[in-house]
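# Structural description and commentary
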Amino acid sequence: MKTRGVLSLISLLLISLPATAQRAQHAVPASDVEVTRSATMRIAIASDPATIFDYLVDAQKLESWFPEQAVSEAQLGGRYHFRWNDTNRVWSGRYTNFIRGNTLACTWQAPGDEYETTVVVRLIPQAGGTLVEMSHNGFTSNAALDKAIKAWLFYLDNLRSVIEQGVDLREQLRKKPARRSRRTSGPAH
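What comes next is a walk through the structure.

Conventions adopted
Residues numbered from 1 in each chain as written. Predicted model: local features only at pLDDT ≥ 70, side-chain atom pairs only at ≥ 80, totals over all residues. Heavy atoms only, no water. Helix = DSSP H or I, 4+ residues; strand = E, 2+ residues; numbered from the N terminus. Polar contact = N/O pair within 3.5 Å; in protein donor to acceptor, adjacent residues only side chain to side chain. Contact = heavy atoms within 4.5 Å. Buried < 20%, exposed > 50% of the residue type's maximum accessible area, 1.4 Å probe, protein only. Pairing = 2+ DSSP bridges. Expected span 1.5 Å × (residues − 1).

## Let's talk about the side chain of Asp168
- Along the chain, Asp168 turns up in the loop between helix H4 (142-165) and helix H5 (170-175).
- Engagement of the side chain of Asp168 in a polar contact is seen with the side chain of Asn158, the distance being 3.1 Å.
- Side-chain polar atoms of Asp168 contact the side chain of Arg170, separated by 2.8 Å.
- Those residues in contact with Asp168 that lie beyond four places of it in its chain are Ser64, Asn158, Val162 and Arg174.

Take a look at the structure:
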């Protein structure tokens, strides 16, 4: 009797498993689910929020720590265009949140990227300075997010260096000779 009960249970499971799998398959179609990745980075800078905000939106100050060429319409809905000397491509976007000395948000789309991401910077006053909290949201792959994190870590550190010490860390990178592998040719970026 135990054997017949176990066999009945196994038969019931085998019969119901395809139906359960089919329900699970149709419960949430994969095409309706969008997964994005984001990162939040924080750095303390010995300066007031208003000064730091100016370094985020004023074209001349942006060029002192971020792109070599910047055009910035410093207002809500304003556009920006950034260019680095090692590329002919231009990064463009617009400011979607603009609270001077507090919060800046903008769209971000690198040339050739299929999708747009969002950068949000919050400036949080602290004793002796400001905590800069930057989030970059909307990545569709870990590789793209990792690349952005690597770049932002350098540029946030450079922002602090320029504001606190007047030293542009990009100069140190320009002085280092490019390292090339014998097996590959081309730039080391």
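## As for the pairing of strand S3 (residues 79-83)
- What you see with S3 is a clean split: Tyr80 and Phe82 sit on the buried side and Arg79, His81 and Arg83 on the side with no burial.
- Here strand S2 (residues 69-72) pairs with S3 via four bridges, running antiparallel. By the bridge assignment, Val71 is partnered in S3 with His81.
- The loop that links S2 with its antiparallel partner S3 comprises six residues; one of these, Gly77, has a positive phi angle of about 85°.

## Notes on H4
- In a regular helix each residue adds 1.5 Å, so 24 residues correspond to 34 Å; H4 covers 34 Å between its end C-alpha atoms and thus fits that length.
- Those residues of H4 that fall on the buried side of the exposure criterion are Leu145, Ala148, Trp152, Tyr155, Leu156, Asn158, Leu159, Ser161, Val162 and Ile163.
- As for H4, its buried residues are in contact with strand S1 (37-45), helix H2 (49-57), strand S5 (103-108), strand S6 (117-126), strand S7 (129-139) and H5.

Geometric values such as these leave the question of function open.
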